[in-house]
Amino acid sequence: PGTTGAQVLAQLRGSAATASTPVVVVSGFGPESDQAVARSTEGWLTKPVTEQRLMQALSFALSGREVRGSVLLVEDDEGVAEVLATLLGEEGLAVVRASAASEAILRGEELHPDVIILDMRLPDGDGGDVVAEFRRRGNLADAPLVVYSAAEIDTARRDDLKLGTTVFLTKGRVSPEVVKDEVLA
């Protein structure tokens, strides 16, 4: 009370005892609201923040890596999910995994991810169900989406699967490294 996060950060950075202390901002606003503060911190989380996201951000900050954003990875194949999570984590992205449509919808509500990676075949439904629910609720209707599925998505169905900027990649034709590149783009 009576001060701002930017003022607190300036005090921390101005003191020899705390100048190099890692700082992760938790705010109701995104990092674009104060780019100077964002550049001088090791991470920025936009509320609401789950315990899992906070722990990931703190882990990155304490390891000297910067959290560059969050990804909701919706993939039921444990091997594919592990490879993607590792590649994205190495780039400073906090990855939250979901292995089913219902879990993806719940995690999307909690996380408000910067990017969504979505498999189409899920144990309790279809990736299209996830997209439809995000559109219906409106909270992620404009989120960037990478559809990464073993099934080739025909042109007629692609319009039904779009959120924000949407890219369609086919497993077996495109490596996880290409998925990582698309997420980072």
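Cut-offs used in this document
Residues numbered from 1 in each chain as written. Predicted model: local features only at pLDDT ≥ 70, side-chain atom pairs only at ≥ 80, totals over all residues. Heavy atoms only, no water. Helix = DSSP H or I, 4+ residues; strand = E, 2+ residues; numbered from the N terminus. Rg over C-alpha atoms; globule rule 2.2 N^0.38 Å. Buried < 20%, exposed > 50% of the residue type's maximum accessible area, 1.4 Å probe, protein only. Areas by Shrake-Rupley, 256 points an atom, 1.4 Å probe, with all protein chains shown as cover. Lys, Arg positive; Asp, Glu negative; His and termini not counted. Charge placed at Lys NZ, Arg CZ, Asp CG, Glu CD. Pairing = 2+ DSSP bridges. Right-handed = clockwise from strand over helix to strand, strands pointing away. Patch = residues over 30% accessible without salt bridge, like charges linked within 9 Å, V, L, I, M, F, W, Y side chains within 5 Å. Salt bridge = Lys/Arg side-chain N within 4 Å of Asp/Glu carboxyl O. Core = buried A, V, L, I, M, F, W, Y, C linked by side-chain atoms within 4.5 Å. Contact = heavy atoms within 4.5 Å. Axes fitted to C-alpha atoms, helices over the stretch in contact; angles between N-to-C directions.

Caption draft 1: Focus on the overall build of the chain. If you tally the helices and strands in the chain, you get eight helices and nine strands. The C-alpha radius of gyration of the chain comes to 18 Å, within 12% of the 16 Å expected for a compact globule of 185 residues. With the principal axes as the frame, the chain shows a C-alpha extent of 60 × 30 × 25 Å. Sorting the 185 residues of the chain into buried and exposed places 42% on the buried side. Element-wise, carbon and sulfur atoms account for 52% of the exposed surface of the chain, whose accessible area totals about 9600 Å². Averaged over its 18 positive side-chain charges, the chain has a centre that lies 2 Å from the centre of its 29 negative ones.

Caption draft 2: Representation of the pairing of strand 8 (residues 145-149). Taken across its five residues, strand 8 has five buried, putting it largely inside the fold. Residues of strand 8 alternate between two faces, with Leu145, Val147 and Ser149 on one and Val146 and Tyr148 on the opposite face, all of them buried. For strand 5 (residues 115-118) and strand 8, the ladder comprises three bridges, and the chain directions are parallel. If you follow Ile117 over to strand 8, its bridge partner there is Val146. Sheet topology note: the strand 8/strand 9 (residues 166-170) ladder contains five bridges and is parallel. Looking at strand 9, one finds that Ser149 is bridged to Thr170.

Caption draft 3: Inspection of the pairing of strand 3 (residues 69-74) at higher detail. Burial analysis of strand 3 places six of its six residues in the buried class, the great majority of the element. Burial along strand 3 is two-sided: Gly69, Val71 and Leu73 facing one way and Ser70, Leu72 and Val74 facing the other are all buried. The sheet contact formed by strand 3 and strand 4 (residues 93-98) spans six bridges and is parallel. Paired with Val74 across the bridge in strand 4 is Ala98. Between strand 3 and its parallel partner strand 4, the chain crosses via helix 4 (residues 78-90), and the hand of that crossover is right-handed. Across four bridges, strand 3 lies against strand 5 in parallel orientation. Within the sheet, the bridge partner assigned to Leu73 lies in strand 5 and is Ile117.

Caption draft 4: Representation of a nonpolar patch on the surface. A cluster of nonpolar side chains, namely Val26, Leu54, Met55, Leu58 and Leu62, defines an oily patch on the protein surface of about 440 Å² accessible area. Ranked by the residues each element gives to the nonpolar patch, the list is headed by helix 3 (residues 51-62), at four residues. Relative to the assigned elements, Leu58 resides in helix 3. With relative accessibility at 34%, the residue Leu58 sits in the partly exposed group.

Caption draft 5: View of the nonpolar core. Counting residues in each nonpolar core, the largest one holds 23 residues, and the members touching the most others are Leu72, Val74, Ile116, Leu118, Val130, Phe134 and Leu145. Where this core is concerned, the elements lending two or more residues are strand 3, strand 4, helix 5 (101-111), strand 5, helix 6 (127-137) and strand 8. The residues contacting Leu118, other than those within four sequence positions of it, are Val74, Gly127, Val130, Val131, Leu145, Val146, Val147 and Tyr148.

Caption draft 6: The arrangement of the sheet that holds strand 8 in detail. One open sheet accounts for five strands, arranged 4-3-5-8-9; its pairing is parallel. Each edge of the sheet is formed by a strand with only one pairing partner; in this case those strands are strand 4 and strand 9. Geometrically, the sheet is characterised by an average inter-axis angle of 20° between neighbouring strands, direction not taken into account. On top of the sheet, helix 3 reaches strand 3 and strand 4; it is set at about 145° to strand 4, its chief contact. Across the sheet, helix 4 is in contact with strand 3, strand 4, strand 5 and strand 8; its angle to strand 4 comes to roughly 165°.

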